[in-house]
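# Topology and contacts: notes
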Amino acid sequence: MRKTTLICLLSILTINSFAQEKAFQFGIRGGMNCSSAWVNDVSGSKFKLGYHIGATVDYQLSKKFLLQSGLFFTAKGSKQEDLDASSYVGGRPDWTHTFNQLYLEIPIYAAWRMEVSKSLDLILGAGPYFAYGIGGESKQKLNSGVWANGETQHTWKTFGDGVFDKNLDWLHNEALDRFDFGLGLKADLAYKRYVLGLGASMSLIDVMNNQTFPELHYRNINLSISLGYMF
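The model shown is predicted, which means the values in this text are computed figures rather than measured ones.

## Some thoughts on the environment of Ser-117
For Ser-117, the location among the structural elements is in strand β5 (residues 95-117). Linking Ser-117 and Tyr-191, residues 74 residues apart in sequence, is a C-alpha distance of 9.4 Å.

## Some words on the pattern of salt bridges
Working definition: two side chains of opposite charge can pair if their charged atoms are close together. Per the stated rule, a full pass over the model turns up five salt bridges. Across the salt bridge formed by Glu-81 and Lys-46, the nearest N and O atoms sit 3.4 Å from each other. Residue Glu-81 is found in strand β4 (residues 65-81), and its partner Lys-46 is found in strand β2 (residues 44-46); the two are separated by 35 residues along the sequence. The exposure class assigned to Glu-81 is buried, which follows from its relative accessible area of 17%. Taking the relative accessible area as the measure of exposure, Lys-46 reaches 45% and is therefore partly exposed. In this structure, the salt-bridge partner of Asp-121 is Arg-113, at a minimum N-O distance of 3.1 Å. Per residue, the accessibility class of Asp-121 equals that of Arg-113, and both read buried.

## Observations concerning the side chain of Lys-76
Topologically, Lys-76 is positioned in strand β4. A distance of 2.9 Å separates polar atoms of two side chains, one belonging to Lys-76 and the other to Glu-105. Residues contacting Lys-76, with those up to four places away along its chain left out, are Asn-33, Ser-35, Phe-99, Asn-100, Gln-101, Tyr-103, Glu-105, Tyr-129, Ser-201 and Asn-222.

## Comments concerning the pairing of strand β7 (residues 137-142)
By the alternation rule, side chains of β7 split into Ser-138, Gln-140 and Leu-142, which are all buried, and Glu-137, Lys-139 and Lys-141, of which none is buried. With four bridges connecting them, β5 and β7 associate as antiparallel partners. Bridge pairing links Trp-95 to Leu-142 in β7. Inspection of the sheet shows β7 paired to strand β8 (residues 153-157) by five bridges, in the antiparallel sense. Looking across to β8, one finds that Glu-137 is bridged to Lys-157.

## Some remarks on the packing of aromatic side chains
On inspection of all chains with the given rule, the structure shows eight aromatic pairs. Judged by centre distance (4.7 Å) and plane angle (40°), the rings of Phe-24 and Tyr-59 are tilted. Pair noted here: Phe-24 is in strand β1 (residues 24-39) and Tyr-59 is in strand β3 (residues 48-60), with a separation of 35 residues, a long-range link. Accessibility expressed as a relative area gives 52% for Phe-24, which makes it exposed. With a centroid separation of 5.2 Å and an interplanar angle of 40°, the aromatic rings of Phe-130 and Phe-181 are classed as tilted. Here the residue Phe-130 occupies a position in strand β6 (residues 120-135), and Phe-181 occupies one in strand β9 (residues 179-191), the gap between them amounting to 51 residues. Of the aromatic side chains, those joined through ring pairs into one cluster are Phe-24, Phe-26 and Tyr-59. The ring of Tyr-129 carries the charged tip of Lys-76 above its face, separated from the ring centre by 4.8 Å.

Definitions and limits used
Residues numbered from 1 in each chain as written. Predicted model: local features only at pLDDT ≥ 70, side-chain atom pairs only at ≥ 80, totals over all residues. Heavy atoms only, no water. Helix = DSSP H or I, 4+ residues; strand = E, 2+ residues; numbered from the N terminus. Salt bridge = Lys/Arg side-chain N within 4 Å of Asp/Glu carboxyl O. Buried < 20%, exposed > 50% of the residue type's maximum accessible area, 1.4 Å probe, protein only. Polar contact = N/O pair within 3.5 Å; in protein donor to acceptor, adjacent residues only side chain to side chain. Contact = heavy atoms within 4.5 Å. Pairing = 2+ DSSP bridges. Phe/Tyr/Trp six-rings, centres within 6.5 Å; stacked < 30°, edge-to-face > 60°. Lys NZ or Arg CZ within 6 Å of the ring centre and 35° of its normal.

What follows is the structure, encoded as structure tokens:
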């Protein structure tokens, strides 16, 4: 009877210890994005400031290894000078395209935890992310001169057909596909329940809407800094 009781107690302690090691931990995180894009036909690309905010979840595989994920609302974009310039014979157009992209994003990172001190950990992670565009407006600004109608800029929905004037619906500007898939890297400093993070990511697929511009290619690039709290 005593042996049976002892075995049961040891089993409960083992299961409890295993459950603690495998526990989920949830948190919140927000911060700033500094994003741009790789585009194959521009004279220059500039970074654009944005933001991200969301909920995180960590799954502890062992004392040193974990899986990290979450759901984020993130604002990315870029400024492109003389986009699609090579299609114009006789000189480059003097215009700037500004892409504003709002996404719901899910990263799935494998991470490694290193103890720096009793209350400070360094966490390094890498893995894929999946994103879906839910909004945003893009703009084409003519930097010198005016178009025939007297205007100097056009605006249209980033994730759409590129039409900027319903009365001229046969004319299309550059639009993006909603789905994005890429690879990300991150480094976190975790002090007790507080987290300071740095991240970088890039699209692995072309997100340009190739139905209207089959020769153009667009891949998101993003750098981020964030603050988080783990519950």
